Each structure stands twice: as structure tokens, then as C-alpha cells.
Amino acid sequence: MTERTPDFETLAIHAGAAPDPATGARSVPIYQTTAYVFDDADHAASLFNLQQLGFIYTRLNNPTVAALEERLATLEGGVGATCTSSGHAAQILALFPLMYPGNEVVASTKLYGGSINQLSHAIRKFGWSTVFADPSDTDNFKRAITENSRALFIEALANPGGAVVDVEKVAKIADDYNLPLIVDNTLATPYLLRPIDYGAHIVLHSTTKFLQGQGSSLGGVIIDSGKFDWMKHADKYPSLAKPAPEYHGLVFAETFGELSYTFYGHAVSLRDFGAAQAPMNAWLTIQGVETLPLRMEKHCSNAQKVAEWLEKHPAVSWVSYAGLASSDYYDLAKKYLPKGAGSVFTFGVKGGYEAGIKLVENVELFSHVANLGDIRSLIIHPSSTTHRQLDEEAQKAAGAGPDVVRLSIGLESAEDLIADLSQALDKAASS
Ligand SMILES: *Cc1c(COP(=O)(O)O)cnc(C)c1O
């Protein structure tokens with residue numbers, strides 16, 4: 001056979017999934033177990049000391065979850081991965097090895113609403129805090145960095161309104177200031193964009209969305225590029241680069257090298273937070289990932305058709321989709337998202353708040369839900385739902401003003417989706 005590096009489509013099906021060693025099962029089995037039998041006392045001791053690899057307890061790792069971890073690490077071009085119970089758990093656990101009380105994360109202002117909440121309020125209880133930077137000028141990240149900064153955090157293709165961030169420029173700043181860049185790649189998926197190829201150090205996902213694909217199960221993942229040198233900055237990252245008392249003084253970065261962040265994720269973060277992914281959810285996500293390339297192609301081509309149609313509609317004042325030439329992000333999308341600008345975007349309905357509500361109440365095929373990245377097409381009016389606790393100024397700053405409607409385009413026929421929006425827009429305009 002000729003030597004070939006397998007293509008993405010092949011890896012989406014085969015990476016991390018050798019036939020089951022016990023039975024030969026071809027599909028990854030669901031290892032629905034809590035614990036694993038030790039060979040003897042020495043075997044148990046060496047597993048607990050992290051001297052030997054193996055399975056102890058499903059809160060730390062599990063063969064089905066491990067298959068998903070290897071597959072997603074491969075697809076993102078990373079060296080290791082840690083699956084978590086949800087995307088939000090992935091965000092906390094991505095920061096946990098890096099942060100101590102008093103430390104800061106520098107985060108993009110263009111993030112999923114739940115992430116803004118988590119980074120603004122919840123993490124303060126750990127003594128961590130966030131400085132936000134508008135990514136439309138990447139120099140804002142430089143200005144926000146202080147001696148307490150421990151990570152940069154962005155979404156490459158961002159919520160809401162499909163903003164595209166210049167990942168390569170932010171990664172350069174991260175390198176200049178010796179900080180890891182964490183990218184939430186949920187909206188793009190590795191099929192459309194691989195942030196590690198542009199210098200990101202850590203990638204995370206809510207696997208709940210496109211990776212699972214059918215809106216059936218929550219999950220998250222943290223993938224490490226293995227490229228950040230923790231030992232070189234040992235004073236800033238003592239969790240990884242100084243002796244760990246609970247493991248007899250083991251230094252993760254010394255013992256596990258490029259896998260140290262991933263080992264810490266399992267041996268400490270999952271152990272102590274308990275936010276492990278259930279084997280059943282990992283299995284459902286493995287099924288989803290196998291068709292990711294096909295689904296993303298169709299998500300993108302459908303979204304492009306719907307966005308182009310909306311842009312010409314008299315009841316629509318603007319459409320923010322990076323696949324349209326009118327978008328501020330069109331050039332960045334051509335560079336970073338050549339296969340398509342994703343399937344989540346916003347538009348403005350004429351008639352503001354009332355028209356937005358009428359629209360979501362009159363769609364028939366679209367589902368009115370607070371989710372995205374489903375096989376089904378979804379619609380939401382942020383100012384009456386996800387962003388309703390904010391005042392109008394804050395809603396506008398978050399891209400969720402009263403006229404904003406967000407779509408997540410699914411895999412139905414584009415013509416049917418357009419027909420549904422057409423009848424609902426007519427009803428919203430006549431009210
Ligand atoms: C949904 C989402 C999250 C949160 O993930 P959960 O799995 O719902 O916890 C984080 N980031 C982005 C971009 C998301 O879309």
C-alpha cells in the first residue's frame with residue numbers, strides 16, 4: 001500500500017476505533033461500567049500512582065469515552081483530549097489547570113451568551129476573573145493582558161451573528177506574551193476550521209452541537225495541541241510544572257511531556273470536579289462524528305441559500321452571515337472557512353421586538369428552542385429569551401438587540417425552510 005495520510009473523512013470514521021480487543025466488535029462498544037477489576041494489588045498501586053496506564057473508575061476514564069477522545073484529538077490535530085459532561089464543563093476544566101486565585105483570563109466579547117455569564121460571574125467564586133476584549137481589533141487582546149493573565153479565550157467562528165476572529169493574529173499575541181490560546185471551536189467544528197493549524201494551543205467544544213449533530217446528548221471536550229511549554233513558564237503554571245503533592249511530588253509536565261495537560265485533565269480535573277462524560281453520550285457523539293463532513297457540507301450550503309434569500313426579503317433589514325459578500329467577516333471567512341461559513345447566523349426583522357416574537361410564533365418547520373447545531377432547523381429571538389435579563393443597551397452590545405433573530409440551519413430541504421420563513425415573515429409584517 002502507498003503511504004498516505006488519511007483524509008478528514010476517513011479519520012472521522014476510523015480514528016480511535018480499532019475493533020474491540022475483547023470481542024472483535026466493529027462498532028465502538030458502549031462500556032457501560034463504573035469500575036474495572038485490577039489484576040492484583042501491584043497493578044492497582046501502579047494505576048493509582050499514574051505509573052501505568054489503564055482504567056480505574058469511569059469518572060477518570062472509560063474505553064468508549066477514550067475512543068471519542070482519540071477521534072476528536074485526531075480531527076483537531078491535537079495530541080490528547082479530555083471529554084466532559086457538557087461544553088460549559090469543558091470551559092471550566094480547560095481553565096482549571098492554568099488558574100489560581102487572582103489570575104485572569106482574557107476573553108473575546110463575541111462568545112456564546114452562557115460563556116459570557118460563566119466567565120463574568122461564576123468563575124469569580126474561584127477568585128478568577130475575566131478581562132473582555134473586542135476581537136474586531138486583535139490589538140485589544142494585547143491591551144487587556146496583565147501579569148495575572150493565564151490564558152486567552154476566543155470563539156473562532158463566534159456566537160452570535162457568525163463573527164470570524166483572526167485566529168492566527170491572536171495566536172501570535174498569545175505566543176508573544178507566553179500565554180496559551182484556548183479556542184471554543186463549537187460553531188466551526190474541525191471540518192470547517194482547525195485552530196491548532198493557526199497556532200491555537202487548546203481547542204474545546206460543546207459536543208452537544210454539531211459533533212453529536214442530532215440534539216440528543218450533552219457533552220464537551222478539551223483538546224491539547226501539546227505545543228505549549230509549561231516547564232518554560234513553571235512559575236506561572238505550577239499545577240503542571242511544579243510537584244503535585246497528591247501524586248507524591250510527580251511533576252506532570254516532566255512525566256507526561258506533551259500529554260501533561262491532558263493527563264492533568266483526567267487525573268485531577270475530572271477526578272475532583274466529577275464532570276465526566278457518560279459512556280452512552282460518548283457513543284452517541286461517536287455516531288455523530290462519523291457523518292460530520294457530510295452534515296457540515298449540507299449545513300453550510302443550506303445556510304448560504306437561506307441567508308441569500310433573506311438578504312433580498314423586504315421585511316428583513318440586515319443579515320449577518322460570513323458567507324455573504326456584505327458581511328464584515330467575508331474576507332476572514334474566505335481565509336479561515338473556505339468550505340463554508342457554518343450554519344448559525346442572525347438577521348434583523350423590520351418591526352423590532354414585536355415582529356421578532358410574531359416570527360418565532362408563526363414558524364412551522366423551524367423549532368423555537370435555545371439550542372444550535374441540530375439536524376433540525378432552529379430559531380430563537382434572543383431579546384425575549386436568552387438575553388432578556390439584559391437592558392436594551394447591553395442586548396445591543398451582545399448582538400442581541402430587539403430586532404435580532406438567530407437561526408441554526410439544519411438539513412431539511414432549503415426550499416422548505418425558505419417557504420416556512422416566507423409565510424412566517426408575512427405574518428410578522430402584517431401584525
Ligand atoms: C452550547 C455552547 C456552549 C455550552 O455548551 P453546553 O454543552 O450547552 O454546556 C459553549 N460554547 C458554545 C459556542 C456553544 O454553542
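Residues numbered from 1 in each chain as written. Predicted model: local features only at pLDDT ≥ 70, side-chain atom pairs only at ≥ 80, totals over all residues. Heavy atoms only, no water.

Caption draft 1: Quick look at the overall build of the chain. Each helix and strand in the chain was counted, giving 17 helices and 14 strands. Rg of the C-alpha trace for the chain: 22 Å, near the compact-globule value of 22 Å for 431 residues, within the 12% margin. Along the first, second and third principal axes, the C-alpha set of the chain runs to 75 × 50 × 45 Å. Here the chain holds 431 residues, and 55% of them are scored as buried. Counting contacts in the chain only where the partners sit at least 6 residues apart, residues at least 24 apart contribute 71% of the total. If you sum the accessible surface of the chain, you get close to 17,900 Å²; carbon and sulfur atoms cover 53% of it. In the chain, the 33 positive side-chain charges and the 48 negative ones have mean positions that sit 3 Å from each other. (Helix = DSSP H or I, 4+ residues; strand = E, 2+ residues; numbered from the N terminus. Rg over C-alpha atoms; globule rule 2.2 N^0.38 Å. Buried < 20%, exposed > 50% of the residue type's maximum accessible area, 1.4 Å probe, protein only. Contact = heavy atoms within 4.5 Å. Areas by Shrake-Rupley, 256 points an atom, 1.4 Å probe, with all protein chains shown as cover. Lys, Arg positive; Asp, Glu negative; His and termini not counted. Charge placed at Lys NZ, Arg CZ, Asp CG, Glu CD.)

Caption draft 2: Quick look at the sheet that holds strand S3 (residues 129-133). Spatial strand order, S1-S9-S8-S7-S4-S2-S3: 7 strands in an open sheet with mixed pairing. At either margin of the open sheet sits one strand with a lone partner, and together these are strand S1 (80-84) and S3. In this sheet, neighbouring strand axes are inclined to one another by 20° on average, regardless of whether the strands run parallel or antiparallel. Strand direction decides the pairing type here: strand S8 (residues 202-206) and strand S9 (residues 220-224), joined by 5 bridges, are antiparallel. Bridging across to S9, Leu204 finds its partner in Ile222. Contacts between helix H5 (residues 113-120) and the sheet are confined to strand S2 (104-108), S3 and strand S4 (149-155), with S3 contributing the most and set at about 130° to the helix. (Pairing = 2+ DSSP bridges. Axes fitted to C-alpha atoms, helices over the stretch in contact; angles between N-to-C directions.)

Caption draft 3: The environment of Gly80, seen in detail. Here Gly80 lies in strand S1. What makes Gly80 buried here is its relative accessible area of 7%. Expressed as a C-alpha distance, the spacing of Gly80 and Tyr261, which sit 181 residues apart in the sequence, is 8.5 Å. If near-sequence neighbours (up to four positions away) are discounted, Gly80 is found in contact with Ala73, Ile222, Ile223, Asp224, Leu259 and Thr262.

Caption draft 4: Representation of the sheet that holds strand S13 (residues 378-380). The sheet built from 5 strands is open, its strands ordered S10-S11-S14-S13-S12 with mixed pairing. Of all strands in the sheet, those with a lone pairing partner are strand S10 (316-320) and strand S12 (367-368), marking the two edges. Sheet topology places S13 next to strand S14 (residues 404-408); 3 bridges connect them, and they run antiparallel. The partner of Leu378 across the bridge, within S14, is Ser408.

Caption draft 5: Seen up close, the site of the ligand. Around the ligand there are 17 residues in total, and Gly87, Asp184, Ser206, Thr208 and Lys209 lie nearest to it. At 3.5 Å from an oxygen atom of the ligand is found a side-chain nitrogen or oxygen belonging to Ser86. At 2.7 Å from an oxygen atom of the ligand is found a side-chain nitrogen or oxygen belonging to Thr208. Grouping the amino acids of the shell around the ligand by side-chain chemistry returns 4 nonpolar, 10 polar and 3 charged. (Near = heavy atom within 4 Å. Polar contact = N/O pair within 3.5 Å; in protein donor to acceptor, adjacent residues only side chain to side chain. Nonpolar A, V, L, I, M, F, W, Y, C, P; charged D, E, K, R; others polar.)

Caption draft 6: Inspection of the domain arrangement of the chain at higher detail. Its domain assignment divides the chain into domain 1 (8-288) and domain 2 (294-430). For domain 1 versus domain 2, the distance between C-alpha centres works out to 30 Å. Between domain 1 and domain 2, the residue contacts involve 30 residues of the former and 31 residues of the latter. Applying the counting criterion to the domain 1 and domain 2 interface returns 1 salt bridge. Note that Glu168 is salt-bridged to Lys335, the shortest N-O span being 2.4 Å. At the junction of domain 1 with domain 2, the criterion picks out 11 residue pairs in polar contact (both at pLDDT 80 or more). (Domains from an automatic or database assignment. Salt bridge = Lys/Arg side-chain N within 4 Å of Asp/Glu carboxyl O.)

Caption draft 7: Up close: helix H4 (residues 87-95). Along H4, 8 of the 9 residues are buried, which leaves the element largely enclosed by surrounding structure. Every buried residue of H4 is accounted for by Gly87, Ala89, Ala90, Gln91, Ile92, Leu93, Ala94 and Leu95. The backbone nitrogen of His88 lies 3.4 Å from a side-chain oxygen of the residue at the head of H4, namely Ser86.

Caption draft 8: Quick peek at helix H15 (residues 352-362). Where H15 is concerned, the buried positions are Gly352, Ala355, Gly356, Leu359 and Val360. Angularly, the buried residues of H15 cover 130° about the axis, an arc narrow enough to put them on a single face. Among the exposed residues of H15, those pointing more than 90 degrees away from its buried face are Glu354 and Glu361. The secondary structure elements touched by the buried residues of H15 are strand S11 (344-349), S12, S13, S14 and helix H17 (414-430). (Arc of directions from axis to C-beta.)

Caption draft 9: Structural view of the packing of aromatic side chains. A full pass over the atoms with the stated rule returns 17 aromatic pairs. Relative to Phe55, the ring of Tyr36 has its centre 5.3 Å away and its plane inclined at 35°; by these criteria the two rings are tilted. Taken together, the residues Tyr36 in the loop between helix H1 (8-14) and helix H2 (41-48) and Phe55 in the loop between H2 and helix H3 (63-76) connect sequence positions 19 residues apart. Among the residues examined, Tyr36 registers a relative accessible area of 16% and is labelled buried. On the numbers, 5.6 Å between centres and 85° between planes, the contact of Phe228 with Tyr237 is edge-to-face. This pair shows no difference in class: Phe228 is buried, exactly as Tyr237 is. Here a set of aromatic residues connected by ring pairs shows up, and it is made of Phe96, Phe126, Trp128, Tyr247, Phe252, Phe256, Phe263, Tyr264 and Phe273. Taking the ring centre of Tyr112 as reference, the NZ or CZ of Lys209 above it sits at 4.6 Å. A cation over an aromatic ring shows up here: Lys339 above the ring of Phe8, its NZ or CZ 5.8 Å from the ring centre. (Phe/Tyr/Trp six-rings, centres within 6.5 Å; stacked < 30°, edge-to-face > 60°. Lys NZ or Arg CZ within 6 Å of the ring centre and 35° of its normal.)

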